[in-house]
Amino acid sequence: MTLLLGCIADDFTGATDLANTLVKAGMRTVQLLGVPRAGLTIPDADAIVVALKSRSNPAPEAVSMSLAALTWLRAAGARQYYFKYCSTFDSTDRGNIGPVADALCDALGTPFTVFNPAFPTNKRTVYQGYLFVGDMLLSESGMRHHPLTPMTDPSLPRVLARQTSRKVGLVPYGTVVRGVAAIRESFDSLQREGVRHAVLDAITDEHLLTLGEACADLALITGGSGMAMGLPANFVRRGLLEPGRVSALPAIDGPAAVLSGSCSTATQQQVSDMRRTHDAFEIDALAVADGRDVAREALEWASTRLSERPVLIYSTADPKTVESVQVRLGRDHAGALVEATLSQIAKGLVARGVRRLVVAGGETSGAVVSALGVQGLQIGAEIDPGVPWTASLGEQRLALALKSGNFGTPDFFTKSFAKYG
Ligand code: ADP
């Protein structure tokens, strides 16, 4: 296997977003859940994304996790490296974007890297180093109230300068629109001025593609998922990657189920749509809190119904119901109870032969995947924007679609199974 791009992502859903972007641009991509244990068989891949949970850890911890991922990716022979963070540059003055980038540069022996969280499709753009969310500066958006990483300064060069002792610079819009050669010249002149970290402006996908091409020779690139869009074409230009490569997943047959722990508006619609035509079991969070073995009840209910036709098991509820549960149990406790119940059900379903599973909810997906002991995912075709089918690695291969919150059309649950591949 020739591994072209080795990626380190600071959270799980961000890693999936990046993997999905790379697959769409023609790279066969595997997402690993942390640095894998020895012995895991990894299918041929052009890109590997190691998903960490390092965004909100103390900086020294995030650095050592990222370096461990880098060591593994280097041993796998990657030719270029990518550090993925959120499109809203989620971080604090202590890190972790600056310290992790510094450590990765040092380990790779590279003097220069770039930073670009822009994601125009989701209305994240960078102009003169200022990050916009829609028509607002980052610091005026909801991100200013984020519980862990409140973003109160919209200037990325300023934010980054507080996280690193290295000199920070900017490749402004005026240079980006002049194209690849101008951008590369600007990389050179910034380096002559002693700049080690360059923030890049980008407002459209076209800018991201141009920037991607300009970064072909950098050892390390850092950014959101958008910045990775232009990288696969570099490998095609060099004859290292066949153009238009399609990522086919292995055939996985067997009983199917949908597990939904998301209470987002789109998921509520998807649950009521599927309930009209399929067998469904509702999890009552208060019954779980009262000590009833709801997981066992759900599994007994499911055991006579499992087939190619998916069953639905859900805790999805409307905001009023969720609020009343949270008032009684506390938000975190309620969430943890429901996640634990759905995870137990997922394990029970797989033990009863289920091989194809759609899971709704970001946190819920994380809990289910870790309960199932999944170490990695091969990424396949998109079902709806941002939600690909995946196949778990390891001996027991499962078809998994992990859908967070507001993704997917109302018929997502029922249409998804036909799109596996
Ligand atoms: P989303 O991606 O839509 O945000 P998540 O799975 O990330 O979904 O978050 C939903 C949270 O709500 C989870 O912690 C889940 O356990 C919790 N939850 C699910 N159903 C209920 C319910 N009926 N009452 C209270 N909390 C619930």
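Residues numbered from 1 in each chain as written. Predicted model: local features only at pLDDT ≥ 70, side-chain atom pairs only at ≥ 80, totals over all residues. Heavy atoms only, no water.

1. So, the site of the ligand
Consideration 1: Ser262, Ser264, Glu339, Glu363 and Thr364 are the nearest of the 17 residues found near the ligand.
Consideration 2: Between the ligand and Gly335, the relevant distance is 2.9 Å, taken from an oxygen atom to a main-chain nitrogen or oxygen of the residue.
Consideration 3: Gly405 places a main-chain nitrogen or oxygen 2.8 Å from an oxygen atom of the ligand.
Consideration 4: The fraction of the free accessible surface of the ligand (570 Å²) that becomes covered by protein chains is 83%.
Consideration 5: Listed by contribution, the elements that provide at least two residues to the shell around the ligand are helix 12 (319-329), helix 13 (331-351) and helix 14 (362-371).
Consideration 6: Tallied by class, the residues present in the shell around the ligand amount to five nonpolar, 10 polar and two charged. (Near = heavy atom within 4 Å. Polar contact = N/O pair within 3.5 Å; in protein donor to acceptor, adjacent residues only side chain to side chain. Areas by Shrake-Rupley, 256 points an atom, 1.4 Å probe, with all protein chains shown as cover. Helix = DSSP H or I, 4+ residues; strand = E, 2+ residues; numbered from the N terminus. Nonpolar A, V, L, I, M, F, W, Y, C, P; charged D, E, K, R; others polar.)

2. Let's talk about the pattern of salt bridges
Consideration 1: Counted under the stated rule, the structure contains 23 salt bridges.
Consideration 2: Measuring nitrogen to oxygen at the nearest pair gives 2.8 Å for the salt bridge that ties Asp10 to Arg55. Of this pair, Asp10 sits in the loop between strand 1 (5-9) and helix 1 (12-24) while Arg55 sits in the loop between strand 3 (47-51) and helix 2 (59-75), and the two are 45 residues apart along the sequence. Each member of the pair Asp10 and Arg55 is classed as buried.
Consideration 3: Residue Asp279 is joined to Arg305 by a salt bridge in which the shortest nitrogen-to-oxygen separation is 3.5 Å. Of the two residues, Asp279 sits in the loop between helix 9 (265-275) and strand 13 (280-282) while Arg305 sits in the loop between helix 11 (294-303) and strand 14 (311-314), which places them 26 residues apart along the sequence.
Consideration 4: Since its relative accessible area comes to 41%, Asp279 is described here as partly exposed.
Consideration 5: The class for Arg305 is partly exposed, based on a relative accessible area of 32%.
Consideration 6: One continuous salt-bridge network, built from bridges that share partners, spans Asp10, Asp11, Arg55 and Asp90. (Salt bridge = Lys/Arg side-chain N within 4 Å of Asp/Glu carboxyl O. Buried < 20%, exposed > 50% of the residue type's maximum accessible area, 1.4 Å probe, protein only.)

3. Quick notes on helix 1
Consideration 1: Between its first and last C-alpha atoms helix 1 spans 19 Å; for 13 residues at 1.5 Å apiece the expected length is 18 Å, and the two agree.
Consideration 2: With 10 of 13 residues buried, helix 1 lies mostly within the body of the structure.
Consideration 3: Those residues of helix 1 not exposed but buried are Phe12, Gly14, Ala15, Thr16, Leu18, Ala19, Asn20, Thr21, Leu22 and Val23. (Expected span 1.5 Å × (residues − 1).)

4. A word on the pairing of strand 1
Consideration 1: Of all five residues in strand 1, five are buried; the element is thus mostly enclosed.
Consideration 2: In strand 1, alternate side chains face the same way, and those of Leu5, Cys7 and Ala9 on one face and Gly6 and Ile8 on the other are all buried.
Consideration 3: For strand 1 and strand 4 (residues 80-84), the ladder comprises five bridges, and the chain directions are parallel. Bridging from a neighbouring strand, Leu5 pairs with Gln80 of strand 4.
Consideration 4: Both strand 1 and strand 3 contribute to a ladder of five bridges, which runs parallel. Of the residues in strand 3, the one forming a bridge with Cys7 is Val49. (Pairing = 2+ DSSP bridges.)

5. A word on the nonpolar core
Consideration 1: In this structure, Phe89, Phe187, Ile313 and Leu349 are the most contacted members of the largest nonpolar core, which totals 115 residues.
Consideration 2: A domain-level breakdown of this core finds at least three residues from each of domain 1 (5-237) and domain 2 (256-416).
Consideration 3: Aside from chain neighbours lying at most four places away, what touches Ile313 is Val258, Leu259, Ser260, Phe281, Ile283, Ala298, Trp301, Ala302, Leu342, Ile345 and Leu349.
Consideration 4: Counting 20 residues, the second-largest nonpolar core is a separate cluster that includes Ile383, Val387, Ala391 and Phe417. (Core = buried A, V, L, I, M, F, W, Y, C linked by side-chain atoms within 4.5 Å. Domains from an automatic or database assignment. Contact = heavy atoms within 4.5 Å.)

6. Topic: the sheet that holds strand 6 (residues 124-127)
Consideration 1: Reading across the sheet, the three strands line up as 6-7-8 and stay open at both edges, with antiparallel pairing between neighbours. Strands with a single pairing partner mark the edges of an open sheet, and in this sheet they are strand 6 and strand 8 (136-137).
Consideration 2: Pairing of strand 6 with strand 7 (residues 130-133), which is carried by four bridges, proceeds in the antiparallel orientation. Within strand 7, the position partnered with Tyr127 by the bridge is Tyr130.

7. Things to note about the domain arrangement of the protein
Consideration 1: Considered domain by domain, the protein is made up of domain 1 (5-237) and domain 2 (256-416).
Consideration 2: Interface area for domain 1 against domain 2, summed over the two sides, is near 1400 Å², with a carbon-plus-sulfur share of 64%.
Consideration 3: Among the residues domain 1 hides against domain 2, the three largest losses belong to Asn20, Leu33 and Leu40. Together they make up 34% of the total.
Consideration 4: Of the charged contacts in the structure, one is a salt bridge between Lys24 and Glu382, with a shortest N-O distance of 3.3 Å.
Consideration 5: At the junction of domain 1 with domain 2, the criterion picks out six residue pairs in polar contact (both at pLDDT 80 or more).
Consideration 6: Within the residue set of the side of domain 1 that touches domain 2, elements represented by two or more residues are helix 1 and strand 2 (29-33).
Consideration 7: Top contributing element to the side of domain 1 that touches domain 2 by residue count: helix 1, with six residues.
Consideration 8: Looking at side-chain class alone, the side of domain 1 that touches domain 2 contains 10 nonpolar, five polar and two charged residues. (Buried area = accessible area lost by both parts, 1.4 Å probe.)

8. A look at the pairing of strand 3
Consideration 1: Within strand 3, five of the five residues are buried, leaving the element largely enclosed by the surrounding structure.
Consideration 2: Here strand 3 shows two buried faces, one formed by Ala47, Val49 and Ala51 and the other by Ile48 and Val50.
Consideration 3: Note that strand 2 and strand 3 share five bridges and pair parallel. Bridge pairing in strand 3 places Leu32 opposite Val50.

9. Examining the packing of helix 2 against helix 3 (residues 97-108)
Consideration 1: The contact between helix 2 and helix 3 brings their axes to 9 Å, and the two run at 35 degrees. Crossing hand, helix 2 versus helix 3: right-handed. Taking contact as the criterion, the partners of Ala59, Ala62, Val63, Ser66, Leu67, Leu70 and Arg74 in helix 2 are, on helix 3, Pro99, Val100, Ala103, Leu104, Ala107 and Leu108. (Axes fitted to C-alpha atoms, helices over the stretch in contact; angles between N-to-C directions. Left-handed = near helix turned anticlockwise from the far one by under 90°.)

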